[in-house]
Amino acid sequence: MLLNWTVMILYNYFSAMFVGPGYVPLGWTPEKSQDCMYLQYCKVCQSYKAPRSHHCRKCNRCVMKMDHHCPWINNCCGYQNHASFTLFLLLAPLGCIHASFIFVMTMYTQLYNRISFGWSSVKIDMSAAKRDPRPIIPFGLSAFAASLFALGLALGTTIAVGMLFIIQMKVILTNKTSIESWIEEKAKDRIQYYQTGETFIFPYDTGSKWKNFKQVFTWSGIPEGDGLDWPVRNGCHQYSLTIEQLKQKADKRVRSVRYRAVEDYSGVCCPVTKGVKTFFTTPCTEEPRIALSKGDLILATRGLKHWMYGEKILHSAADGGIRERGWFPRKCVEKCPYDSETEQPVDGEKKNR
C-alpha cells in the first residue's frame, strides 16, 4: 500500500511537471477582430492574452488559466495540469499519514520491547529487544533517531501540503484560480472605492460545485475545453473578466504615485546597507527586486512599511517605453511633487471616474 501511494504521488508529480499548464499560441488573436478591445496585449509573446490567461515571468509565456507558478514542479499550474497538481497535493499527505502510522507503531513496539521497570526508575535498553524473534532490521539509537526525524518530516508535509490542497479545492469548486480570486477581491474594492453602483459577477462559476469540479477532473485526464474559450453563466459576457482587468489596470495607473530614487540600490533581496528593519522585513515573495540609481523615476502601486512595489520608468512613457517591475526599499526613494501627468485627483474626483 505504501508503494502504491509512492507510485501515484510520483506519477501525478511528474505529470504536473512535464505536461505543463498549456500556453497561449504565439501571435494568438480572437476570431472577431473587434473583440481585441476587450483583451490585454502581451508584448513579450506578441499576442493578445486569452480570457483567464496570464503572462508568467518565469516561464516567459502566457499561460492558459494560470493559477500560480510552482517552484516545486519548476512549472506553472494551469489549464492542462491543474488536476494532476491537485491530486499530487491530495496523495502526498495521505501517503505521509500512512508513513507516520508506520513510524509511530515501529517506535512504540520497539521501545516497549526494550523497557524495564525498576523499583525507583524506568530504563530503556537500546542494545537489543527482550523478546524474540528479533527484528530483521536492528533497531538501535541511530534507527530511533532516523525514525523520529522521518516522522517529523511526514507530519510537517501532511500539514503544509494538506493546507495547499484545501486552498486549491476551494478555488476549483468555485471554478476560479488563485489569481482570479484576487481579481474578484480587487473588483469589489474598486466598486466600493468609486461607488459606481455596479455589481461584478464572476462569469465562469456555473453555480454547481459538481459541474465546476468536472471542468478540472475528468476520467480521461484531459480537462474540458481548449483553454481559450470558456462557458460563462447566464447574464455574463465572454469577456466580463478581461474587461474588469482592464478597468483595474486603468485604476492602478490612477492610484500610482511617482517617486524619485535618492539612493542607489543594487537589487539584492536582503540589503544590509539599508538598515536592520529593511533587511529583516524583506517581502516574502518570488516577485523580483529592481535595481535603482540615484535620479530614477518609479511609479509605485503598492507598498509595505519598509518596502514598495512599482515600475521603474526606463524610457519616456510617451514613447511607449519599457518599465521594469519589482520591489525596492522605501528609504531609497522620495515622493515627487505632482505634475500635470501624474497629479492625483482628490477623493471626490476619483469617485466620479
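This structure is a prediction, so every number in the text was calculated from the model and none was measured.

Asks: Please explain the overall build of the protein as it appears in this structure.
Replies: Tallying secondary structure elements over the protein gives eight helices and 13 strands in all. Out of the 353 residues in the protein, the part that is buried amounts to 41%. A total accessible area of about 20900 Å² is found for the protein, and carbon and sulfur atoms account for 61% of it.

Asks: Whenever I open this one, unusual backbone geometry confuses me. Can you help?
Replies: Glycine aside, a negative phi is what most residues show, and trans is what most peptide bonds show. One non-glycine residue with positive phi stands out, namely Gln46, at about 55 degrees. Mapped onto the fold, Gln46 is located in the loop between strand 1 (41-42) and strand 2 (47-48). Look at Asn60: it is not a glycine, yet its phi comes out positive at around 60 degrees.

Asks: Can you walk me through the nonpolar core in this structure?
Replies: In a soluble, globular protein the nonpolar side chains are often hidden away together inside. One finds Val24, Trp28, Leu228 and Leu241 to be the most contacted residues of the largest nonpolar core, which totals 19 residues. In terms of residue count, the dominant contributor to this core is helix 4 (residues 178-194) (three residues). Looking at this core, you find at least three residues from each of domain 1 (1-19 + 80-122 + 138-254) and domain 2 (20-79). Once residues lying within four places of it in the same chain are set aside, the contact partners of Val24 are Tyr48, Ala50, Ser53, Arg61, Cys62, Met64 and Leu228. If you look at the next biggest cluster of nonpolar residues, it comprises 15 residues, including Tyr265, Ile290, Ile298 and Met308.

Asks: Could you clarify how one ought to interpret the packing of aromatic side chains in this entry?
Replies: For any pair of aromatic rings, geometry is given as the distance between the ring centres together with the angle between the planes. Under the defined criterion, the tally for this structure stands at 13 aromatic pairs. A centroid spacing of 5.1 Å and a plane angle of 75 degrees characterise the contact between Tyr41 and Tyr48, whose relative ring orientation is edge-to-face. Exposure remark for Tyr41: the relative accessible area of 40% places this residue in the partly exposed category. With centroids separated by 5.6 Å and ring planes inclined at 80 degrees, the aromatic side chains of Phe202 and Tyr204 adopt a geometry described as edge-to-face.

Asks: Is there a simple way to think about the UniProt feature "transmembrane region" (unreviewed entry) in the protein in this case?
Replies: Following the UniProt record, one finds the feature "transmembrane region" (unreviewed entry) at residues 6-24, 87-108 and 136-167. Helix makes up 74% of residues 6-24 and strand 0%, and the two end C-alpha atoms of the span are 33 Å apart. Here residues 87-108 runs as 100% helix and 0% strand, with 32 Å between its end C-alpha atoms.

Asks: Just to check I follow, could you spell out the environment of Met37 for this structure?
Replies: Within the secondary structure, Met37 sits in the loop between helix 1 (2-19) and strand 1. Residue classification places Met37 among the exposed residues on the basis of a relative accessible area of 59%. Sequence separation of Met37 and Thr242 is 205 residues, and the distance between their C-alpha atoms is 9.9 Å.

Asks: What's the story with the pairing of strand 11 (residues 307-313) in this structure? I'm lost.
Replies: Two faces make up the sheet, and in a regular strand the side chains alternate between them. Of all seven residues in strand 11, seven are buried; the element is thus mostly enclosed. As paired strands, strand 10 (residues 297-303) and strand 11 are joined by five bridges and run antiparallel to one another. Looking across to strand 11, one finds that Gly303 is bridged to Met308. Where strand 10 folds back onto strand 11 in an antiparallel hairpin, the turn is made up of three residues.

Asks: Even after reading the chapter, I still don't get the packing of helix 3 (residues 141-173) against helix 5 (residues 209-216), so can you show me in this structure?
Replies: Angle between the axes and distance between the axes are the two parameters that describe a pair of packed helices. For the pair helix 3 and helix 5, interaxial distance at closest approach is 8 Å and the crossing angle is 110 degrees. Considered as vectors, helix 3 and helix 5 are oriented roughly perpendicular to each other. Of the residues in helix 5, those touching helix 3 at Met169, Ile172 and Leu173 are Lys209, Asn212, Phe213 and Val216. When grouped by side-chain class, the residues that make up the contact of helix 3 with helix 5 number five nonpolar, one polar and one charged.

Asks: What is the right way to read helix 3 from this model?
Replies: Residues separated by three or four positions in an α-helix point in the same direction, a consequence of the helix having 3.6 residues per turn. With 33 residues, helix 3 should cover 48 Å at 1.5 Å per step; its first-to-last C-alpha distance of 47 Å lies within 8% of that length. Every buried residue belonging to helix 3 is among Ser147, Leu151, Ala154, Thr158, Val161, Gly162, Gln168, Met169, Val171 and Ile172, and all of these are buried. Elements in contact with the buried residues of helix 3: strand 5 (68-70), helix 2 (82-112), helix 4 and helix 5. Positive backbone phi, at 60 degrees, marks Asn175, one or two positions downstream of helix 3.

Cut-offs used in this document
- Residues numbered from 1 in each chain as written.
- Predicted model: local features only at pLDDT ≥ 70, side-chain atom pairs only at ≥ 80, totals over all residues.
- Heavy atoms only, no water.
- Helix = DSSP H or I, 4+ residues; strand = E, 2+ residues; numbered from the N terminus.
- Buried < 20%, exposed > 50% of the residue type's maximum accessible area, 1.4 Å probe, protein only.
- Areas by Shrake-Rupley, 256 points an atom, 1.4 Å probe, with all protein chains shown as cover.
- Core = buried A, V, L, I, M, F, W, Y, C linked by side-chain atoms within 4.5 Å.
- Domains from an automatic or database assignment.
- Contact = heavy atoms within 4.5 Å.
- Phe/Tyr/Trp six-rings, centres within 6.5 Å; stacked < 30°, edge-to-face > 60°.
- UniProt positions renumbered as here; feature names shortened; annotations may be inferred.
- Pairing = 2+ DSSP bridges.
- Axes fitted to C-alpha atoms, helices over the stretch in contact; angles between N-to-C directions.
- Parallel < 35°, antiparallel > 145°, perpendicular 65-115°, else oblique.
- Nonpolar A, V, L, I, M, F, W, Y, C, P; charged D, E, K, R; others polar.
- Expected span 1.5 Å × (residues − 1).

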